[in-house]
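Inside the fold
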Amino acid sequence: MSSAAVPPVPGRLSALLRLLPFARPYRGLIALSFTGALLASLAQLAVPLVTARIVDGPLAEGDRAALVPLLGLALVFGVAEAALFFLRRWTMNKSCLRLERDLRDALYAHLQRLPVAFHDRWASGQLLSRASTDVSTVRRFVGFAGVFLAVNLVTCAVVLVLLLVTYWPLGLAVLLTTVPLTLVGLRWERRYNQQSRAVQDEQGELATDVEESLQGVRVVRSLGRTDLVFGRFDTRARRLRGLELDKVRTLALLWCVFELHPQITLALILVGGAVAVSGGALTVGGLVGFVALFTVLLWPILSLGFLMAHAQETASACDRIGELLDAPVTVTDRPGAGPGRVGTPAWLRFEGVEFAHPGAGEPVLRGVDLDVAPGETVALVGATGSGKTTLTALVARLHDVTGGRITLDGTDVRDLPLTRLRTLVATINDTSVQVAS
């Protein structure tokens, strides 16, 4: 069994499109969650505009009576934001948990249909990490990061338009400062992709080591190989730690840049706004509203680094899950397969059976002829690796013969539906086969 079934492939955001078939049944809930989050953000944007109106209106004119309706309006927006926040959380949790269940079920069902040859090539820890850790990563993305990535991008666009409308020179300055931020994010994207995939694959390798050592714990202890097994585990654990630290360093740099950007931009706004107010180009209320709008923009900017990193991790997870879902099911029912006339017990016959593993140069079995009468017991004796287990696996079509045929009461086992065949044949400990009686 290989320790790494496929080479690491950097995650691509296009890999997120794999989630569309699973998201489609819940598109209404997902759309409602997105709408709730977006409207909550827009309600939050309304408060700075009301603040600017209060400063330039009632406060500047000393009209206390005019304060009441404006303060009430701000309160309405605040209550609306809270209600929309609840709506978003409720719909988000329902949709993402159901999508996770469907994805996990589909993956598990596909693994059950895949031929034994596939499972021989793949380390069990890699399969476990994809079916558990990667599916959970997808759920967290759908339930939080995906929605807010879209909402925050829309919020950024809306705020930038409002800033340009409020005072276009400062708004243009803010817009220009986003250019280097975007370039930095794109520069570090590929590196984080590769690091995320390396961590996910190493987690699978570590899970394989743990599973194999626990399953063979009696043998390990009886042979005095505890230190050897622990050393191998510790080496992988240290490697995983190093890969995680590489990913943390990259994410820390991204956070540093995304944290520094708004602080520098805010300083430029205060300096430029003060000059504009002193020159009469901007009112005090306009500056207060501009700064308040920009502070609303802080969280979307700061979160973009984290959300993009999460999106890249999810893209890698989708690639890893897709590698399993795309694996072909090579042992299937033949067109027109029927129940056949198979008795219990049945006459089992091997006729010139040949079998070669995929990609192998030489067949494991060649020209096997064998008759097993109903009620008869046959023992196969041979050296390890001579093909005894493979021969028994061919009866239940855990592998398909590559030459000749196997019949039950004269019916080729490939002409029987798999569900019917596997109710007739039982395999015990992968070493003995019995035709159901």
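Residues numbered from 1 in each chain as written. Predicted model: local features only at pLDDT ≥ 70, side-chain atom pairs only at ≥ 80, totals over all residues. Heavy atoms only, no water.

1. Points about a nonpolar patch on the surface
For clarity, the cut-off: Patch building starts from residues that exceed 30% relative accessible area and form no salt bridge, then joins like charges within 9 Å and nonpolar side chains (Val, Leu, Ile, Met, Phe, Trp, Tyr) within 5 Å. Computed with the Shrake-Rupley method and a 1.4 Å probe, the accessible areas treat only the protein chains shown as cover for residues. The working definition used for a salt bridge is a side-chain nitrogen of Lys or Arg within 4 Å of a carboxyl oxygen of Asp or Glu. A run of H or I in DSSP counts as a helix once it spans at least four residues, and a run of E counts as a strand once it spans at least two, with each numbered from the N terminus.
Residues Leu 164, Trp 168, Leu 172, Leu 175 and Leu 176 make up a contiguous nonpolar surface patch of about 470 Å² in total accessible area. By residue number, the principal contributor to the nonpolar patch is helix 6 (residues 168–215), which donates 4 residues. Along the polypeptide, Leu 164 turns up in helix 5 (residues 124–166).

2. Regarding the nonpolar core
Rules: Residues enter a nonpolar core if they are buried and are Ala, Val, Leu, Ile, Met, Phe, Trp, Tyr or Cys, with the set joined through side-chain atoms within 4.5 Å. Each residue gets one of three labels from its accessible area relative to the maximum for its type: buried under 20%, exposed over 50%, partly exposed in between, using a 1.4 Å probe on protein chains only.
Counting 61 residues, the largest nonpolar core has Phe 118 and Val 138 as its most contacted members. Elements supplying a minimum of two residues to this core: helix 1 (20–23), helix 2 (27–61), helix 3 (67–113), helix 5, helix 6, helix 8 (226–278) and helix 9 (284–325). Tallying contributions element by element places helix 9 first for this core, with 17 residues. In terms of nonpolar packing, the next biggest core, distinct from the first, is built from 21 residues, Val 342, Ala 346, Phe 350 and Phe 355 among them.

3. Topic: the sheet that holds strand 2 (residues 365–372)
Test applied: Pairing between two strands is assigned when DSSP locates at least 2 bridges connecting them. Between two residues, a contact is recorded if the distance between any of their heavy atoms is within 4.5 Å. Axis geometry follows a simple rule: fit a line to the C-alpha atoms, using only the stretch in contact for helices, then measure angles between N-to-C directions, giving values from 0 to 180 degrees.
Overall, antiparallel pairing links the 4 strands, which are arranged 2-1-3-4 in an open sheet. Both outer strands of the open sheet, strand 2 and strand 4 (411–412), are each paired with one neighbouring strand and no more. As paired elements, strand 1 (residues 348–355) and strand 2 share 5 bridges and run antiparallel to each other. Considered in strand 2, the bridge of Val 353 is made with Val 368. In the packing of helix 10 (residues 388–395) onto the sheet, the strands contacted are strand 1, strand 2 and strand 3 (403–408), and the crossing angle to strand 1 comes to about 120°.

4. A short note on the pairing of strand 1
Of the strand pairs in this sheet, strand 1 and strand 3 are connected by 5 bridges, and their pairing is antiparallel. Bridged to Arg 349 within strand 3 is Thr 407.

5. Side note on the side chain of His 310
Here His 310 lies in helix 9. For His 310, a relative accessible area of 12% translates into the label buried.

6. So, the confidence of the model for the protein chain
Applied cut-off: One number per residue, pLDDT, summarises how confident the predictor is, and it ranges from 0 to 100.
Taken as a whole, the protein chain shows an average pLDDT of 81; of its residues, 91% reach a score of 70 or greater. For the protein chain, strand 6 (residues 432–435) is the element with the lowest average pLDDT, namely 53, and strand 1 is the one with the highest, namely 91.

7. Observations regarding the pattern of salt bridges
All told, the structure shown has 24 salt bridges when counted by the stated rule. With its nearest N and O atoms 2.4 Å apart, the salt bridge here joins Asp 246 to Arg 249. Of this pair, Asp 246 and Arg 249 both sit in helix 8, 3 residues apart, which is roughly one turn of the helix. What makes Asp 246 partly exposed here is its relative accessible area of 30%.

8. Considerations on the packing of aromatic side chains
Rules: Two rings from Phe, Tyr or Trp (for Trp, the six-membered ring) form a pair when their centres are within 6.5 Å of each other. A pair whose planes differ by under 30 degrees is stacked, one over 60 is edge-to-face, and the rest are tilted.
Following the criterion strictly, the structure yields 2 aromatic pairs and no others. Where Phe 144 meets Phe 148, the ring centres are 5.1 Å apart and the plane angle is 45°; that geometry is what we call tilted. Within this pair, Phe 144 and its partner Phe 148 are both found in helix 5, separated by 4 residues, close to a single helical turn. Judged by relative accessible area, which is 32%, Phe 144 ranks as partly exposed.

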